[in-house]
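Structural description and commentary
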Amino acid sequence: MTQQHDRLDTLSIATMVVLCFLWGVQQVVIKLTTPEIPPLLQAGLRSAIASLLVLAWLGWRGVALFGRDGSLRAGLLAGSLFALEFALIYHGLQFTTASRAAILLYTAPFWVALGAHWLIPGERIGRAQLAGLLCAFAGILVAFGDALHVPNPDELFGDALLLGAALLWAATTVVIKASVLTRIHPGKTLLYQLGLSALLLPLASLALGEGGMASPSRFAIGSLAFQSIVIACVSYMIWFGLIARYPASRLSALSFLTPLFGVAIGALWLGEPLTLALLLALLLVGLGIHLVNRPRPAT
């Protein structure tokens, strides 16, 4: 049994900030790698490599993987949701802009909070938490607002895929938190996600006719290594460990930082503009996170 916390502490908040930074870097790296490795194939290879690494690490730690712990059904469900989420994200980005995608994808904390409110005992959201979520999401809207425009039919299709991905992300989080997956080793929970996505995403790539990769550059190989080891292996294992111990809705609220880090890194790496809107967005996100994590008054 893992120790449960009813609020986020300093360590969990600091850990989430680091994770959000890494996930923000990942967005830029994936974008730069896509011309050499097709998106769904890239995601599938990442999951396959990470699956082998996680499997080796769990074996070295002596973690039981095949005992009867009652996690198979929930694990297969969470893994299927995880794989479909990434399929929608990578495919949807072919039709809509990154700005619109970020806004739609990061509606996930709303759906997490709503699902946790109804399905997870002790995680009912109050007015302050709801105000915090709205404030943080307003920050996302400010950060990307200048990029919005009237969409064409292809962009509407991409928007629908990204919104579906946000719902799947939230559903995965709630399934993990509301099931036996919180009581098993987080590495095994992660292995369910990576293993199924490693099987399903390459099949989706083949079905969509993405094609393979010819002679990837050293950057593409390094990018795949970064995504596999740092992101899909280390960061996700830490993420699932946090979900097992801390309130899911409050952790998800911190994920609002990820697209803001992505914009900032894009400005430094890709020369994209860093505007006052981003600074205002950071202020709104920070205020929203404070409200979400503020202790409720004693009754």
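Up top is the structure.
Right, let's talk about the overall build of the protein for a bit. Scanning the protein for helices and strands turns up twelve helices and zero strands. Secondary structure of the protein in N-to-C order comes out as α-α-α-α-α-α-α-α-α-α-α-α. The buried share of the protein, taken over its 299 residues, is 53%.

What follows concerns helix α2 (residues 39–61). Taking 1.5 Å of rise per residue, the 23 residues of α2 would be expected to cover 33 Å, and the 33 Å separating its terminal C-alpha atoms lies within 8% of that figure. Each element contacted by the buried residues of α2 is listed here: α1 (10–33), α3 (72–92), α8 (186–207) and α9 (218–245). Looking one or two residues beyond α2, the residue adopting positive phi is G62, at roughly 75 degrees.

Between α3 and helix α7 (residues 153–178), the shortest axis-to-axis distance is 8 Å and the interhelical angle comes to 155 degrees. As far as their axial angle goes, α7 and α3 are roughly antiparallel. Crossing of α3 against α7: the hand is left-handed. The residues of α7 that touch α3, namely those facing A74, L77, A78, L81, F82, L84, E85, L88, I89, H91 and G92, are F157, G158, L161, L162, G164, A165, L168, W169, A171, T172, V175 and I176. Tallied by class, residues from the contact of α3 with α7 come to 17 nonpolar, five polar and one charged.

A word on α9. Given a rise of 1.5 Å per residue, 28 residues ought to cover 40 Å, and the 39 Å separating the end C-alpha atoms of α9 matches this to within 8%. At Y236, α9 is bent by approximately 30 degrees, the largest bend along its length.

This part covers the packing of α7 against α9. For the pair α7 and α9, interaxial distance at closest approach is 9 Å and the crossing angle is 55 degrees. Between α7 and α9, the crossing angle belongs to the class labelled oblique. Handedness of the crossing formed by α7 with α9: right-handed. Residues W169, T173, I176 and K177 of α7 form the contact with α9, whose own contacting residues are W239, F240, I243, A244 and R245. Looking at the contact of α7 with α9, its residues break down into six nonpolar, one polar and two charged.

Attention now moves to the environment of S223. Along the chain, S223 falls in helix α9. For S223, a relative accessible area of 4% puts it in the buried group. Separated by 197 residues in sequence, S223 and Q26 have C-alpha atoms that sit 8.7 Å apart. Those residues within four positions of S223 in sequence are excluded, and the remaining contacts are V29, T33 and Q42.

Another aspect to go through is the environment of G195. Residue position: G195 is located in helix α8. Separated by 116 residues in sequence, G195 and G79 have C-alpha atoms that sit 7.5 Å apart.

Throughout the structure, instances matching the rule amount to five aromatic pairs. Arranged with centres 5.6 Å apart and planes meeting at 90 degrees, the rings of F21 and F261 form a pair that is edge-to-face. Of this pair, F21 sits in helix α1 while F261 sits in helix α11 (residues 257–270), and the two are 240 residues apart along the sequence. Residue F21 is classed as partly exposed on the basis of its relative accessible area of 39%. Here W23 and W239 contribute two aromatic rings whose centre-to-centre distance is 5.8 Å and whose plane-to-plane angle is 85 degrees, an arrangement assigned as edge-to-face. Residue W23 is found in helix α1, and its partner W239 is found in helix α9; the two are separated by 216 residues along the sequence. The exposure class assigned to W23 is buried, which follows from its relative accessible area of 8%. One aromatic cluster is present, built from ring pairs that chain together W23, F82, F86, Y236 and W239.

Okay, the environment of P35 next. With respect to the helices and strands, the residue P35 is situated in the loop between α1 and α2. Sequence separation between P35 and A220 is 185 residues, and the spatial gap between their C-alpha atoms is 9.4 Å.

This part covers the side chain of K188. Locating K188 in the fold gives a position in helix α8. The class of K188 is buried, set by a relative accessible area of 5%. A polar atom in the side chain of K188 sits 2.7 Å from the side chain of D69. Setting aside residues no more than four positions away along its own chain, K188 makes contact with L58, A64, L65, F66, G67, D69 and S71.

Reading the values: the criteria
Residues numbered from 1 in each chain as written. Predicted model: local features only at pLDDT ≥ 70, side-chain atom pairs only at ≥ 80, totals over all residues. Heavy atoms only, no water. Helix = DSSP H or I, 4+ residues; strand = E, 2+ residues; numbered from the N terminus. Buried < 20%, exposed > 50% of the residue type's maximum accessible area, 1.4 Å probe, protein only. Expected span 1.5 Å × (residues − 1). Contact = heavy atoms within 4.5 Å. Axes fitted to C-alpha atoms, helices over the stretch in contact; angles between N-to-C directions. Parallel < 35°, antiparallel > 145°, perpendicular 65-115°, else oblique. Left-handed = near helix turned anticlockwise from the far one by under 90°. Nonpolar A, V, L, I, M, F, W, Y, C, P; charged D, E, K, R; others polar. Bend = angle between axes of the 7 residues up to and from the residue. Phe/Tyr/Trp six-rings, centres within 6.5 Å; stacked < 30°, edge-to-face > 60°. Polar contact = N/O pair within 3.5 Å; in protein donor to acceptor, adjacent residues only side chain to side chain.

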